[in-house]
Amino acid sequence: MSTTINLSPLLINEQPLQLLPSLAVKLCDIHEAIVLQALQNKLRKANKEIEGQKWVPIEFQNWKEIFPWLPEKDIMAFLDSLKKKHIIVSSEFSQKSWYSIDYDILNSFLGNK
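## Structural notes on the overall build of the protein
Part 1: Helix and strand counts for the protein come out as 5 helices and 4 strands.
Part 2: A total of 113 residues make up the protein; the buried ones form 29% of that total.
Part 3: About 8100 Å² of surface is accessible on the protein, with carbon and sulfur atoms providing 54% of the total.

Spelled out as structure tokens, the structure:
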């Protein structure tokens with residue numbers, strides 16, 4: 001019996017965006033969970049650290065590349081919502097937008113104190 005692999009362009013052939021369903025449940029929004037997980041993935045590879053906190057530069061165009069299926073206004077709304085919850089923090093350094101996650105706030109929000 002021969003094994004045939006179906007190579008479809010819609011199957012995962014690139015780095016997937018993965019998240020735990022429990023994160024989406026806790027945040028009450030799958031899109032916010034996806035944005036937060038994408039930021040976490042970038043922060044794991046980041047080499048900029050300030051006072052023990054990793055930061056990554058992400059310009060709006062980069063967010064659009066990460067989420068090409070989302071309208072710009074939606075991406076901004078998800079980022080703004082996570083910022084209002086103080087889970088995502090952002091700042092301007094060297095004329096770039098830098099982002100980080102406040103893990104203490106996140107864990108408190110998720111009930112993981």
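## What to know about the packing of aromatic side chains
Part 1: Evaluation of the coordinates by the stated rule reveals 5 aromatic pairs.
Part 2: Here the aromatic rings of phenylalanine 93 and tryptophan 98 are separated by 6.1 Å at their centres, their planes lie at 70°, and the arrangement is edge-to-face.
Part 3: Residue classification places tryptophan 98 among the buried residues on the basis of a relative accessible area of 11%.
Part 4: Taken together, the ring pairs connect Trp63, Phe67, Trp69 and Tyr99 into an aromatic cluster.
Part 5: Positioned above the aromatic ring of tryptophan 98, the side-chain terminus of lysine 48 is 5.5 Å from the ring centre.

## Overview of the environment of isoleucine 34
Part 1: Within the secondary structure layout, isoleucine 34 lies in helix H2 (residues 30–44).
Part 2: Owing to a relative accessible area of 17%, isoleucine 34 belongs among the buried residues under this scheme.
Part 3: With 16 residues separating them along the chain, isoleucine 34 and glutamine 18 place their C-alpha atoms 7.6 Å apart.
Part 4: Look past the residues within four positions of isoleucine 34 in its chain and what remains in contact with it is Leu17, Leu19 and Phe67.

## Some points on the packing of H2 against helix H4 (residues 72–84)
Part 1: H4 packs onto H2 with a crossing angle of 80° between their chain directions and a minimal axis gap of 9 Å. In terms of orientation, H2 and H4 fall into the roughly perpendicular class. Residue-level inspection shows His31, Glu32, Val35 and Leu36 of H2 in contact with H4, the latter providing Phe78, Leu79, Ser81 and Leu82.
Part 2: Here the contact of H2 with H4 is built from residues that sort into 5 nonpolar, 2 polar and 1 charged.

## Focus: the sheet that holds strand E4 (residues 96–101)
Part 1: Spatial ordering of the open sheet is given by E1-E2-E4-E3, a layout of 4 strands whose pairing is antiparallel. Because the sheet does not close on itself, it has two edges, and the strands there are strand E1 (48–50) and strand E3 (88–93). On average, adjacent strands in this sheet sit at an angle of 35° to one another, irrespective of strand direction.
Part 2: Strand direction decides the pairing type here: E3 and E4, joined by 6 bridges, are antiparallel. The residue of E4 that forms the bridge with isoleucine 88 is isoleucine 101.
Part 3: Running over the sheet, H2 touches strand E2 (53–57), E3 and E4 and is turned about 100° from E4.

## Brief notes about the pattern of salt bridges
Opposite charge on two side chains permits them to pair, given that their charged atoms come into close proximity.
Part 1: Applying the stated criterion across every chain yields a total of 2 salt bridges.
Part 2: Its salt-bridge partner being glutamate 32, residue lysine 85 comes within 2.7 Å of it at the nearest N-O pair. Taken together, the residues lysine 85 in the loop between H4 and E3 and glutamate 32 in helix H2 connect sequence positions 53 residues apart.
Part 3: With relative accessibility at 24%, the residue lysine 85 sits in the partly exposed group.
Part 4: Note that aspartate 74 and lysine 73 form a salt bridge whose closest N and O atoms lie 3.2 Å from each other.

Conventions we followed
Residues numbered from 1 in each chain as written. Predicted model: local features only at pLDDT ≥ 70, side-chain atom pairs only at ≥ 80, totals over all residues. Heavy atoms only, no water. Helix = DSSP H or I, 4+ residues; strand = E, 2+ residues; numbered from the N terminus. Buried < 20%, exposed > 50% of the residue type's maximum accessible area, 1.4 Å probe, protein only. Areas by Shrake-Rupley, 256 points an atom, 1.4 Å probe, with all protein chains shown as cover. Phe/Tyr/Trp six-rings, centres within 6.5 Å; stacked < 30°, edge-to-face > 60°. Lys NZ or Arg CZ within 6 Å of the ring centre and 35° of its normal. Contact = heavy atoms within 4.5 Å. Axes fitted to C-alpha atoms, helices over the stretch in contact; angles between N-to-C directions. Parallel < 35°, antiparallel > 145°, perpendicular 65-115°, else oblique. Nonpolar A, V, L, I, M, F, W, Y, C, P; charged D, E, K, R; others polar. Pairing = 2+ DSSP bridges. Salt bridge = Lys/Arg side-chain N within 4 Å of Asp/Glu carboxyl O.

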